[in-house]
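Summary of structural features
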Amino acid sequence: MNKVKKIGVLTSGGDSPGMNAAIRAVVRSAIDFEMDIVGIRRGYNGLINGDAVALDSRSVSDIIQRGGTFLYTARCMEFMNPEGRQLGLEMAQKLGLDGLVVIGGDGSFRGAEKLSELGMPTVGIPGTIDNDIVCTEYSIGFDTACNIALEAVDRLRDTALSHEKCSLIEVMGRYAGHLALQVGVAAGATAVLVPEKASDIEKDICEKIREGRSSGKTHYIVIVAEGYKDKIDDIAKLIETQTDISTRVTVLGHIQRGGSPTVMDRVIAARMGYRAVDLLRKGIGNRIVAIKNNEVVDYNINEALCMKKSIDLELCEICKSIAK
Ligand code: ADP
Ligand code: F6P
């Protein structure tokens, strides 16, 4: 086995809180294993253009507590084509890399798989607030995003209570409802609308509002995942017409992607970052690091991306049952 002397690290796709902590873990582990480490800025764009910077222990000081990614992140259309990937490979070779860590989501891992096929061992670390990466129970940033969204919902509850309104809050998650469900249960929402499960606005929300009213309830919280089939404004209008309660819509948007990572995100980032470097130093590429039963595991990228993951249906039922 050739000694692995130098590796690179980049962040790609949407940022998530804890990416910095993951970069830090990658850099410090690599140094501990006596490897040189290079940061590639702006995702695969940086790989193609050679936007690279040598990193040492001090380069990653004071970033563990920061959201976002100090290496910047980007989407790169050029990397979707074989020509673009060839340029990326050539640049990686020019930089003297023996391996690469890619922190991102499914799309970024497809790129990582193709780089591995071209001969550059690449390992993926899941980082997205959506928690929609199928091979892992957890992706870096999810817990922080849930907590940021929850804090906002708690504030909205104060004003919904004071004005006796129904507050509809849209949370991110792309096509998945994991974020919405966690926030909805934690916030004690009257209802949570997720893309994975059909809901009946009349039965699941309007009826609950009428029932609540008859028992003295005056305000309501409804969490809507951004990927839900109907537009949040249309749902709000329907609720208002059917129940005669004043409704307000809040779209939380990118606020959920920022902020200082929670303990959970920092610790998972450390564990995953270490594993990714450990794989590369052994010359193992084409892997995704994941969490299974709270253990760090790793999978072949293609197999990992073909796995299935569903929303927690039991939690959906619990949510419905305890919302009164
Ligand atoms: P995420 O990694 O968060 O899922 P994207 O789907 O936007 O985000 O992917 C990030 C980047 O990964 C893309 O801009 C592109 O550079 C690269 N990528 C995505 N899909 C592929 C693919 N099928 N082949 C090669 N590269 C890809
Ligand atoms: O994947 C993270 C995410 O924030 C999704 O929840 C959301 O759908 C998407 O990125 C938004 O992307 P953009 O920042 O390009 O609007």
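In this report, the structure presented in the accompanying data block is examined. Treat the numbers as computed from the prediction; the structure is a model and nothing was measured. Counting restarts for each chain: residues are numbered from 1 in the order of the written sequence. Numbering of ligands from 1 and lettering of chains from A proceed in the order in which they are written. With the structure being a predicted model, the display of local features is reserved for residues of pLDDT at least 70 and the display and counting of side-chain atom pairs for 80 or more, all residues being used for whole-chain, interface and lining totals. As a rule here, side-chain values come from all non-hydrogen atoms in the structure, and water together with hydrogens is ignored.

**Here we look at the sheet that holds strand β5 (residues 122-126)**
- The sheet built from seven strands is open, its strands ordered β3-β2-β1-β4-β5-β10-β11 with mixed pairing. Each of the sheet's edge strands pairs with one partner strand only, and the pair in question is β3 (52-55) and β11 (295-300). Taking each pair of neighbouring strands and ignoring which way they run, the sheet shows an average axis angle of 30 degrees.
- With five bridges connecting them, strand β4 (residues 99-104) and β5 associate as parallel partners. Its bridge partner lying in β5, I103 is registered against I125. Whether two strands pair depends on DSSP finding at least two bridges between them. Secondary structure elements are defined from DSSP: runs of H or I of at least 4 residues count as helices, runs of E of at least 2 residues count as strands, and each element is numbered from the N terminus. To get an axis, fit a line to the C-alpha atoms, keeping to the stretch in contact for a helix; angles then go from 0 to 180 degrees between the N-to-C directions.

**Side note on the nonpolar core**
- In this description, a nonpolar core means a group of buried Ala, Val, Leu, Ile, Met, Phe, Trp, Tyr and Cys residues linked to one another through side-chain atoms lying within 4.5 Å. Only protein chains enter the accessibility calculation, which uses a 1.4 Å probe; a residue is then buried when its area is under 20% of its type maximum, exposed when over 50%, and partly exposed in between. In this structure, V9 and I223 are the most contacted members of the largest nonpolar core, which totals 61 residues.
- It is helix α5 (residues 142-163) that contributes the most residues to this core, eight residues altogether.
- By the convention used here, residues are in contact when the closest approach between their heavy atoms is within 4.5 Å. In contact with V9, other than residues within four places in its own chain, are I23, V26, I37, V38, G39, I40, L55, L71, L100, V101 and I103.
- A112, M120, I133 and I301 belong to the second largest nonpolar core, which has 25 residues in total.

**Looking at the site of ligand 1**
- Neighbouring ligand 1 are 16 residues; R75, C76, G105, G107 and S108 lie closest to it.
- For ligand 1, an oxygen atom lies 2.7 Å from a polar atom in the backbone of C76.
- Pairs of N or O atoms are called polar contacts if they sit within 3.5 Å, as long as, within protein, a hydrogen donor faces a hydrogen acceptor (for residues adjacent in sequence, only side-chain-to-side-chain pairs). In this structure, an oxygen atom belonging to ligand 1 sits 3.0 Å away from a main-chain N or O atom of G107.
- Of the two site types, the cavity is a set of points on a 1 Å grid over the protein atoms alone where a 1.4 Å probe fits but cannot get out, and the pocket is an open set with protein on both sides within 12 Å along at least five of seven lines, each lined by residues with an atom within 4 Å of a point. Cavity and pocket membership follows a simple rule, namely that a molecule belongs there if more than half of its atoms are within 2 Å of the grid points. Most atoms of ligand 1, that is more than half of them, are within 2 Å of grid points of the largest pocket.
- For the shell around ligand 1, the element with the most residues is helix α4 (residues 106-117), which contributes six residues.
- Within the shell around ligand 1, the residues separate by chemical class into four nonpolar, seven polar and five charged. Here a residue is near a molecule or strand as soon as one of its heavy atoms is found within 4 Å of it. As a working rule, the residues Ala, Val, Leu, Ile, Met, Phe, Trp, Tyr, Cys and Pro are called nonpolar, Asp, Glu, Lys and Arg charged, and the rest polar, with Gly in that last group.

**Some thoughts on unusual backbone geometry**
- You will see that E34, though not glycine, has its phi angle at about 65 degrees, which is positive.
- Positionally, E34 belongs in the loop between α1 (19-32) and β2 (36-40).
- Under the relative-accessibility criterion, E34 is labelled exposed at 64%.
- Positive phi, close to 65 degrees, is recorded for R42, a residue that is not glycine.
- Looking at the secondary structure, you find R42 in the loop between β2 and α2 (43-49).

**Comments concerning the site of ligand 2**
- What surrounds ligand 2 is the set R75, T128, I129, D130, M172, G173, R174, E226, H254 and R257.
- D130 is positioned such that a nitrogen or oxygen atom in its side chain is 2.6 Å from an oxygen atom of ligand 2.
- With respect to ligand 2, the side chain of R257 contributes an N or O atom lying 2.8 Å from an oxygen atom.
- Accessibility throughout is a Shrake-Rupley quantity obtained with a 1.4 Å probe, and a residue counts as covered only by protein chains that appear here. Across the complex, the protein chains shield 74% of the 400 Å² of accessible surface that ligand 2 would expose by itself.
- One can see that ligand 2 is located within the largest pocket.
- Classifying every residue of the shell around ligand 2 gives two nonpolar, three polar and five charged.

**Topic: helix α9 (residues 263-281)**
- Taking 1.5 Å as the rise per residue, α9 with 19 residues should run 27 Å; its terminal C-alpha atoms sit 27 Å apart, in good agreement.
- Within α9, the full set of buried residues consists of D265, I268, A269, M272, G273, A276, V277, D278, L279 and L280. In a helix, the anticipated span is given by 1.5 Å times the number of residues less one.

**Concerning the sheet that holds strand β6 (residues 166-171)**
- Spatially, the four strands line up as an open sheet ordered β7-β8-β6-β9, and their pairing is parallel. The two strands at the open ends of the sheet, each matched to only one other strand, are β7 (191-193) and β9 (247-251). Sheet twist, expressed as the mean angle between neighbouring strand axes with direction ignored, is 20 degrees.
- Relative to strand β8 (residues 220-225), β7 runs parallel, the two being bridged by three bridges. Paired with A191 across the strands is V222, a residue of β8.
- Sheet strands in contact with α5 are β6, β8 and β9, and its direction is about 165 degrees off that of β6.
- The sheet contacts of helix α6 (residues 178-187) involve β6, β7 and β8, and relative to β8 the element is tilted by about 165 degrees.

None of this, on its own, says anything about what the molecule does.
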